[in-house]
Amino acid sequence: MAVEVTCYGGVNEIGGNKILVRDRDTKVLLDFGAGFSEGLDYFSSGIVPRPVNGAGDLFEFGLLPEISGLYSESALQNTTLKHTAPEVDALLLSHYHFDHTGRIPLVDEEIPVYCGETTSLIHEATSESGSSPLDKRGLRTFRTGDRFRVGSIEVQPVHVDHSIPGAYGFILHTSEGAVAYTGDFRFHGPMGKMTMDFISEARKAKPIALITEGTRVSGGDKKQELGEAEVSRATTRVLKSNHRLVFSSFRGNDVDRVLSFHEACVAAGRRLVVSMKVAMLLEELKKDKGLKVPEIGRDVAVYLRRKGRGRYDDREYWKWERRFIDDGVTAEGVRKQQDKILLHLDQWYLPELIDIKPDRGGAYIHATTEAYNEEGERDEEVIRNWVSHFGFAYHQIHASGHSPLSGVGDLVNQIGSESVIPVHTERPDLFAGITKRGEVVLPVKGTTIRVGDGTGTNA
Ligand SMILES: [Zn+2]
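The structure displayed is predicted, hence computed values, not measured ones.

Q: So what about the pairing of strand S21 (residues 448-451)? Which residues, and what values?
A: Only one face of S21 is buried: it carries Ile 449 and Val 451, and the other face, with Thr 448 and Arg 450, is open. The sheet contact formed by strand S1 (residues 3-9) and S21 spans four bridges and is antiparallel. Within the sheet, the bridge partner assigned to Glu 4 lies in S21 and is Arg 450.

Listed below in structure tokens is the structure:
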């Protein structure tokens, strides 16, 4: 009996991982995300799949696999796929990024979702300040060192370094040998050692298959080769050389980035001011003893947007926002201390600049990935227009959440799996050139790969 691996997403694309592993009668799903470029031929220009139609709008264009015993009754109510009792035993979530979580709301609530304790805290904070893809399900949490059993499979989660806390890879000890899955990883973040821990555990397991990401395995990697420590240093230089307002947009759940910017602020005598959503997340993550998180009020201040009728009054804010009002910094407050602040302002909050009325000559730090498609390029252009309208300088300072090609090659060769299945990459074909041992098996969407019977080929 071989172990079967079927990739329903993350095939020749970045993100959208949906990988089903079957060992005897046990089926586990590794992530269930939404791909970044998935379905853009139909769903773009403001057209989105209607949540009310469950999986129906995605099935229409073949954007979601029609797997029996996976979806909830409501997800299938207007489709030809019949709802049955769950046939998938567990969903193992590697980390809380949308390209790994995005389709979970459609999964049957009876199927248990396993995630790291930190992911559960991020979910709690996100859920309170909006909505989370993990809403309405009981989560079973783990930490590195735990092992748990799902049918014939013993699951060993091992932490990895990535651009969100609580990221894991998995080693699935099946009846035919180990199948390792990296999730998303890098080595150049503050916790790069965690990825080394994953490599060493995976190597010990002598895997029959390694399912690895390869976001930056590409013909020409144009992204900057900055580590997170360099982000902090480069930001410090911008903060010190500028005597006006500095603002930045970055993914608020990238706690390493919040820390880098906080560090830069300390070095340059400024104060980091974050949105309420980020403040909410930091408050929640304080519960995680394994994380270093800046303290709201002491280390980091909160930006107070005008809402409702525009008064800074409790009644204008959601309940979860009210705790931040007393220590909040208003637009006027930012204007009065422009040279003392680094303001976190995501692109959808750029109109706040109209209230802040900053002096010309400030700086903007674009601390996110560079655009990878036309939509992203258009977004960047709009940001540049705002930045130049207010007379600010534009800086790109970012460390990727993913390892470059050389690091992926190191991981693959150190683990030394019998077969290597590249996912979460646009160039799986390049893995043959970086894999010294083991056979590279290129996944085909929805086609089962059999491993562990010495073949490792597409069935
Ligand atoms: Zn990720």
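Q: Can you explain the sheet that holds strand S19 (residues 419-423)? Please cite residues and give values.
A: Here seven strands make up an open sheet; going across it, the order is S7-S8-S9-S10-S11-S19-S20 and the pairing mixed. Pairing within the sheet leaves two strands with one partner each, and these edge strands are strand S7 (148-150) and strand S20 (439-440). Note: strand S11 (residues 209-213) against S19, four bridges, orientation parallel. Its bridge partner being in S19, Ile 211 is matched across the sheet by Ile 421. The sheet strands contacting helix H4 (residues 192-204) are strand S8 (153-159), strand S9 (168-174) and strand S10 (177-181), and the helix crosses S8 at an angle near 150°. Lying over the sheet, helix H12 (residues 405-415) contacts S11 and S19, oriented at roughly 170° with respect to S11.

Q: Before we move on, could you go through the coordination of the zinc ion and cite the residues and values that matter?
A: At the metal site, the zinc ion is ligated by His 95 (NE2), His 97 (ND1), His 162 (NE2) and Asp 184 (OD), and these contacts range over 2.2 to 2.4 Å. Given four donor atoms and angles of 89 to 171° at the metal, the environment of the zinc ion is assigned as irregular. What makes His 97 buried here is its relative accessible area of 4%.

Q: With reference to specific residues and values, describe the layout of surface pockets.
A: Reported here for the second largest pocket is a volume of approximately 550 Å³. Met 191, Met 194, Asp 256, Gly 290 and Leu 291 are, among the 27 residues lining the second largest pocket, the residues nearest its centre. Those elements giving two or more residues to the lining of the second largest pocket turn out to be helix H5 (228-241) and helix H6 (255-268). Among the elements that line the lining of the second largest pocket, the one with the most residues is H6, at five residues. The residue makeup of the lining of the second largest pocket, split by class, is 12 nonpolar, eight polar and seven charged.

Q: Would you mind going over a negative patch on the surface in detail, with residue names and values included?
A: Taken together, the side chains of Glu 374, Glu 375, Glu 377 and Asp 379 present a region of like negative charge at the surface. Tracing the sequence through the fold places Glu 374 in helix H11 (residues 374-389).

Q: How would you sum up empty space enclosed by the protein? Please name residues and give values.
A: The method is simple in principle: a probe with the dimensions of a water molecule rolls over the atoms, and the space it marks as empty is what remains. Under the counting rule described, the total for this entry stands at two cavities of 30 Å³ or more. Looking at the second largest cavity, the residues that line it are Ile 67, Ser 68, Gly 69, Leu 70, Tyr 71, Leu 76, Leu 81, Lys 82, His 83 and Thr 84. Here the lining of the second largest cavity is built from residues that sort into five nonpolar, four polar and one charged.

Q: Before we move on, could you go through the packing of helix H3 (residues 117-128) against helix H7 (residues 276-285) and cite the residues and values that matter?
A: Orientation of H3 relative to H7, taken along the N-to-C sense of each, is 140°, at an axis distance of 9 Å. One way to sum up the angle between H3 and H7 is to call them oblique. Considering only the axes of H3 and H7, their crossing is right-handed. Facing H3, whose interface residues are Thr 118, Leu 121, Ile 122, Glu 124, Ala 125 and Glu 128, H7 presents Met 280, Leu 281, Glu 284 and Leu 285. Classifying every residue of the contact of H3 with H7 gives six nonpolar, one polar and three charged.

Q: Give me the lowdown on H4, citing residues and values where you can.
A: With 13 residues, H4 ought to run about 18 Å at 1.5 Å a step, and its terminal C-alpha atoms sit 19 Å apart, in line with that. Along H4, the residues that are buried comprise Gly 192, Met 194, Thr 195, Phe 198, Ile 199 and Ala 202. Down the axis of H4, the smallest arc covering the buried residues is 160°, so these residues share one side. Opposite the buried face of H4, at more than 90 degrees from it, the exposed residues are Lys 193 and Lys 204. Looking at the packing, one finds that the buried side of H4 touches S8, S9, S10 and H12. Within two residues after H4, Lys 206 carries a phi angle of roughly 45°, on the positive side.

Q: Talk me through the packing of H4 against H12; I want residue IDs and the actual numbers.
A: H12 packs onto H4 with a crossing angle of 30° between their chain directions and a minimal axis gap of 8 Å. For the element pair H4 / H12, the angle class is roughly parallel. Across the interface between the two elements, Thr 195, Met 196, Phe 198, Ile 199, Ala 202 and Arg 203 of H4 pack against Leu 411, Gln 414 and Ile 415 of H12. Residues that form the contact of H4 with H12 fall into these classes: six nonpolar, two polar and one charged.

Q: Mind laying out the sheet that holds strand S18 (residues 393-396), listing which residues take part and the relevant values?
A: Taking strand neighbours across the sheet as the criterion, the seven strands line up as S15-S14-S13-S16-S12-S17-S18 in an open arrangement whose pairing is parallel. The two strands at the open ends of the sheet, each matched to only one other strand, are strand S15 (328-329) and S18. The strands touched by H6 within the sheet are strand S12 (246-249), strand S13 (271-274), strand S16 (341-344) and strand S17 (363-366), with S13 carrying the most contacts at an inclination of about 145°.

Q: Which residues make up H7, and what values go with them?
A: It helps to recall that an α-helix has 3.6 residues per turn; residues three or four apart then point in one direction. Summarising burial for H7: eight of the 10 residues are buried, a large majority. Along H7, the residues that are buried comprise Met 276, Val 278, Ala 279, Met 280, Leu 281, Leu 282, Glu 284 and Leu 285. Buried residues along H7 sit against H3, H6, S13, strand S14 (300-303), helix H8 (319-322) and S16.

Thresholds, definitions, all that
- Residues numbered from 1 in each chain as written.
- Predicted model: local features only at pLDDT ≥ 70, side-chain atom pairs only at ≥ 80, totals over all residues.
- Heavy atoms only, no water.
- Buried < 20%, exposed > 50% of the residue type's maximum accessible area, 1.4 Å probe, protein only.
- Helix = DSSP H or I, 4+ residues; strand = E, 2+ residues; numbered from the N terminus.
- Pairing = 2+ DSSP bridges.
- Contact = heavy atoms within 4.5 Å.
- Axes fitted to C-alpha atoms, helices over the stretch in contact; angles between N-to-C directions.
- Donors = N, O, S within 2.8 Å, 3.2 Å for Na, K, Ca; no water.
- Tetrahedral: all angles 85-135°; square planar, octahedral: opposite > 155°, others 65-115°.
- 1 Å grid on protein atoms, 1.4 Å probe; cavity = no way out; pocket = protein on both sides within 12 Å on 5 of 7 lines; lining within 4 Å.
- Points joined across faces, edges and corners; volume = space filled by probe spheres on them.
- Nonpolar A, V, L, I, M, F, W, Y, C, P; charged D, E, K, R; others polar.
- Patch = residues over 30% accessible without salt bridge, like charges linked within 9 Å, V, L, I, M, F, W, Y side chains within 5 Å.
- Areas by Shrake-Rupley, 256 points an atom, 1.4 Å probe, with all protein chains shown as cover.
- Salt bridge = Lys/Arg side-chain N within 4 Å of Asp/Glu carboxyl O.
- Lys, Arg positive; Asp, Glu negative; His and termini not counted.
- Charge placed at Lys NZ, Arg CZ, Asp CG, Glu CD.
- Parallel < 35°, antiparallel > 145°, perpendicular 65-115°, else oblique.
- Left-handed = near helix turned anticlockwise from the far one by under 90°.
- Expected span 1.5 Å × (residues − 1).
- Arc of directions from axis to C-beta.

As far as function goes, none of this settles anything; it's purely spatial.
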